[in-house]
Amino acid sequence: MGAGKTTAIESLSEIEVVRTEANNSERHIADKPTTTVALDYGEIVIGGEEKVRLYGIPGQKRFDFMWSILKKRARGMILLVNNDAPDPIAEMLTFLDDFRELYDRGGVVIGVSRADVAAGPTLAEFSEALERANPDMVIPVFTVDPRERDQMENILLALVVNIEMRAALGMTMANAL
Amino acid sequence: MTVEANQVAAEPASVSMGFPVTVGWTHAAMAVYSVLRLNTPVNLKMIVEMHGPLLIDFRHHAFSWSTPLDQFPVDAVHTGLETEPTSADAPPYFELPGQDLDGLLWEMGINSFGGGPAYWLPTGERYRLTRWPNLTQHRHTMQQMQMMAILGNTYVSTSELAKLAGVEESEAQRLVNALSLMRILTRTSAAPATQVVPQTAAAKRQSLFGRLRKRLGR
């Protein structure tokens, strides 16, 4: 929570983002007045009827019923981690575990937000923790300011090319995107 | 006099390396690689004509330079290089945080060795990423991103990488040089050649990466 999901989708989406926020009851974790309670939705039109659909889903466990719906249908995930959180590496590993099937079927990219303002772990420390937990996975980890469209586009493109390359190399359960 | 790896390693106490006036970044990359291999506390100062001194504090993986990396001078004229032994508890070389050294190593690696292999890379090896560079902070092309997706998932030689990505081998080599200088590549001569799942021409045309790139104007 507080990693910037809604802002990230706003940066990428070509339509006005459908937002579903409510009062934040966990201000000890992220000090902001509202938080995503169901999902945020945006999209990028590729051409004709084809779209990249962007869903931002809440990070709190009590909303995990939403996770199971989307992780069955999504092709990839950008996991935004708030570097200002109490233990961002543990949080990242927990979410990756929860969304492992999405990695196996497509791909995952980690975006570490608030890296410039918080004295949290370095990117190398995130990567080392990932390698210890999953020695065969090389998941891209980038710093990101979700307000910056250019950075979010880079992350989205890295996710897509990684999904397609893993499919081409026969490393995923789906060989075509 | 040419700066070689063993010279930097053997003379950490010297102040000036007798660095020849050179154009480009090959000698600088060789010096930096040598210091990184030393794994002992050393500061490094490069004198770059028209661009002011470039200071590197390896202990803090940081550098300080008045020239922004988005104006990286590919054909910079280097007129001097000095090393300064330091210690683990010595004050930093410059006011921290400085800039992340990875950004400089990326530019230096891409823009050295003229598209040939870095001198420290043996032939006949295959490479794989140990971690991705921070692409939101480094200037890069979409072809480089595509090559990193390959290197992140399998061992490939430079020529295999070029072929898979559809780029000139020199472009693949530049990337391998940079990632190697950043020390985020692992290498082996034992890995087998990568097998790619055959794609039809139509499937290649329909690559979402390609279409999304086009849509986003990249």
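Being a predicted model, the structure only gives us computed values, none of them experimental. (Residues numbered from 1 in each chain as written. Chains lettered and ligands numbered in written order. Predicted model: local features only at pLDDT ≥ 70, side-chain atom pairs only at ≥ 80, totals over all residues.)

Quick word on the overall build of chain A
Then, number 1: Across its full length, chain A carries six helices and seven strands.
Then, number 2: In chain A, the succession of helices and strands from N to C terminus is α-β-β-β-β-α-β-α-α-β-α-β-α.
Then, number 3: The burial tally for chain A puts 41% of its 177 residues in the buried class.
Then, number 4: Pairs at least 24 apart in sequence give 62% of the contacts found in chain A among residues at least 6 apart. (Helix = DSSP H or I, 4+ residues; strand = E, 2+ residues; numbered from the N terminus. Buried ≥ 20, exposed ≤ 12 C-beta atoms within 10 Å, placed from the backbone. Contact = placed C-beta atoms within 7 Å.)

Some points on the overall build of chain B
Then, number 1: A count of helical and extended segments in chain B gives eight helices and eight strands.
Then, number 2: A burial count over chain B gives 38% of its 218 residues as buried.
Then, number 3: The contacts in chain B between residues at least 6 apart in sequence include a share of 74% that link residues at least 24 apart.

A closer look at the interface of chain A and chain B
Then, number 1: Taken together, the contact pairs 31 residues of chain A with 28 residues of chain B.
Then, number 2: At the level of elements, β3 (40-47), α5 (123-133), β7 (141-144) and α6 (149-168) of chain A are the ones that each hand at least two residues to the side of chain A that touches chain B.
Then, number 3: In terms of residue count, the dominant contributor to the side of chain A that touches chain B is α6 of chain A (13 residues).
Then, number 4: Its residues assigned to classes, the side of chain A that touches chain B comprises 20 nonpolar, eight polar and three charged. (Nonpolar A, V, L, I, M, F, W, Y, C, P; charged D, E, K, R; others polar.)

Observations regarding the confidence of the model for chain A
Then, number 1: Scored by pLDDT, chain A comes out at a mean of 85, with 86% of its residues at no less than 70.
Then, number 2: Predicted confidence in chain A is weakest over strand β2 (residues 34-36) of chain A, with a mean pLDDT of 62, and strongest over β7 of chain A, with 96. (pLDDT = per-residue confidence, 0-100.)

Observations regarding the domain arrangement of chain B
All names here are of chain B.
Then, number 1: Each assigned domain of chain B is listed with its residue range as follows: domain 1 (5-111) and domain 2 (122-203).
Then, number 2: Counting residues at the interface gives 12 residues for domain 1, matched by 11 residues for domain 2.
Then, number 3: If you list the elements that add at least two residues to the side of domain 1 that touches domain 2, you get α2 (26-38) and α3 (101-110).
Then, number 4: With seven residues, the top contributor of residues to the side of domain 1 that touches domain 2 is α3.
Then, number 5: By residue class, the composition of the side of domain 1 that touches domain 2 is eight nonpolar, two polar and two charged. (Domains from an automatic or database assignment.)

Re the sheet that holds strand β5 (residues 77-85) of chain B
Residues and elements named next belong to chain B.
Then, number 1: Overall, antiparallel pairing links the six strands, which are arranged β1-β5-β2-β3-β4-β6 in an open sheet. Pairing within the sheet leaves two strands with one partner each, and these edge strands are β1 (22-23) and β6 (99-100).
Then, number 2: Relative to strand β3 (residues 52-57), strand β2 (residues 42-48) is paired through six bridges, and the arrangement is antiparallel. Looking across to β3, one finds that Met46 is bridged to Leu54. (Pairing = 2+ DSSP bridges.)

What to know about the packing of helix α5 (residues 158-165) of chain B against helix α6 (residues 169-181) of chain B
Residue and element names in this part refer to chain B.
Then, number 1: Viewed as axis vectors pointing N to C, α5 and α6 meet at an angle of 120°, and their least axial separation amounts to 8 Å. Classed by the angle they form, the pair α5 and α6 counts as oblique. For the element pair α5 and α6, the recorded crossing hand is right-handed. Facing Thr158, Ser159, Leu161, Ala162 and Ala165 of α5, the residues of α6 in contact are Glu169, Glu171, Ala172, Gln173 and Val176.
Then, number 2: Broken down by class, the residue content of the contact of α5 with α6 amounts to five nonpolar, three polar and two charged. (Axes fitted to C-alpha atoms, helices over the stretch in contact; angles between N-to-C directions. Parallel < 35°, antiparallel > 145°, perpendicular 65-115°, else oblique. Left-handed = near helix turned anticlockwise from the far one by under 90°.)

Quick word on the sheet that holds strand β6 (residues 107-113) of chain A
Hydrogen bonds along the backbone pair up the strands of a sheet, which may run parallel or antiparallel.
Residues and elements named next belong to chain A.
Then, number 1: If you trace the three strands from one edge of the open sheet to the other, you get β5-β6-β7, paired in parallel fashion. Edge positions in the sheet fall to β5 (76-82) and β7, since each of these pairs with one other strand and no more. The average angle at which neighbouring strand axes cross in this sheet is 30°, direction not considered.
Then, number 2: By the bridge criterion, four bridges tie β6 to β7 in an arrangement that is parallel.

Side note on helix α3 (residues 88-98) of chain A
Residue and element names in this part refer to chain A.
Then, number 1: Among all positions of α3, only Pro88, Met92 and Leu96 are buried. One side of α3 carries all its buried residues, which in axial view fall inside an arc of 75°. Of the exposed residues in α3, the ones pointing more than 90 degrees away from its buried face are Ala90 and Asp97. (Arc of directions from axis to C-beta.)

Overview of the nonpolar core
Then, number 1: Counting residues in hydrophobic clusters, the biggest one holds 89 residues, and the most contacted among them are Leu79, Ile110 and Ile155 of chain A together with Val32, Ile150 and Leu161 of chain B.
Then, number 2: No other element matches the 12 residues that α6 of chain A contributes to this core.
Then, number 3: Viewed by domain, this core spans two of them, domain 1 (5-111) and domain 2 (122-203) of chain B, each represented by three or more residues.
Then, number 4: Ignoring anything within four residues of it in the chain, the contact list for Ile155 of chain A reads Ile78, Val109, Gly111, Phe142 and Val144 of chain A together with Thr136 of chain B. (Core = buried A, V, L, I, M, F, W, Y, C linked by C-beta atoms within 7 Å.)

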